[in-house]
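Coordinate analysis (summary)
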Amino acid sequence: MVLATGHNMLGLMLGPATGRLVAGLVTGAADSALAAPFDPARGARRHRGRSRGRGRLTRP
């Protein structure tokens, strides 16, 4: 079972695009350009090499 939720009030407009994306993910033929914004690793690529503590105040 695959659920595609979280459209808030835009479900009617986003339904066709969501359907294509989910169908591609289920069948293994997902369009990588369409699926890229939803890749769980996207944050890791964006922050690779950066210090996580930068900008924080630390106590001695």
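See the structure above.
Residues numbered from 1 in each chain as written. Predicted model: local features only at pLDDT ≥ 70, side-chain atom pairs only at ≥ 80, totals over all residues. Heavy atoms only, no water.

Next up on the list: the overall build of the chain. Helix and strand content of the chain: three helices and zero strands. Of the regular secondary structure in the chain, the N- to C-terminal order runs α-α-α. In the chain, buried positions account for 7% of the 60 residues. Summing over all exposed atoms, the chain offers an accessible surface of approximately 5,700 Å²; the carbon and sulfur share of this is 59%. (Helix = DSSP H or I, 4+ residues; strand = E, 2+ residues; numbered from the N terminus. Buried < 20%, exposed > 50% of the residue type's maximum accessible area, 1.4 Å probe, protein only. Areas by Shrake-Rupley, 256 points an atom, 1.4 Å probe, with all protein chains shown as cover.)

Attention now moves to the side chain of Thr18. Here Thr18 is to be found in helix H1 (residues 11-27). Taking relative accessible area as the criterion, Thr18 reaches 18% and is therefore assigned buried. Setting aside residues up to four positions removed in sequence, Thr18 forms contacts with Ala4 and His7. (Contact = heavy atoms within 4.5 Å.)

Following the sequence through the fold, Ala35 ends up in helix H2 (residues 32-35). Each C-alpha atom of the pair Ala35 and Val22 lies 9.2 Å from the other, and the pair is 13 residues apart in sequence.

What follows deals with unusual backbone geometry. Phi angles above zero are rare outside glycine, and Asn8 is one such case at about 55°. Taking relative accessible area as the criterion, Asn8 reaches 73% and is therefore assigned exposed.

Time to look at H1. The terminal C-alpha atoms of H1, which comprises 17 residues, lie 22 Å apart, in line with the 24 Å expected from a rise of 1.5 Å per residue. Ala17 marks the point of greatest bend in H1, at about 30°. Listed as buried for H1 are Thr18, Leu21 and Gly24. Where the residues of H1 are buried, they touch H2. One or two positions beyond H1, positive phi appears at Gly28, with a value near 85°. (Expected span 1.5 Å × (residues − 1). Bend = angle between axes of the 7 residues up to and from the residue.)

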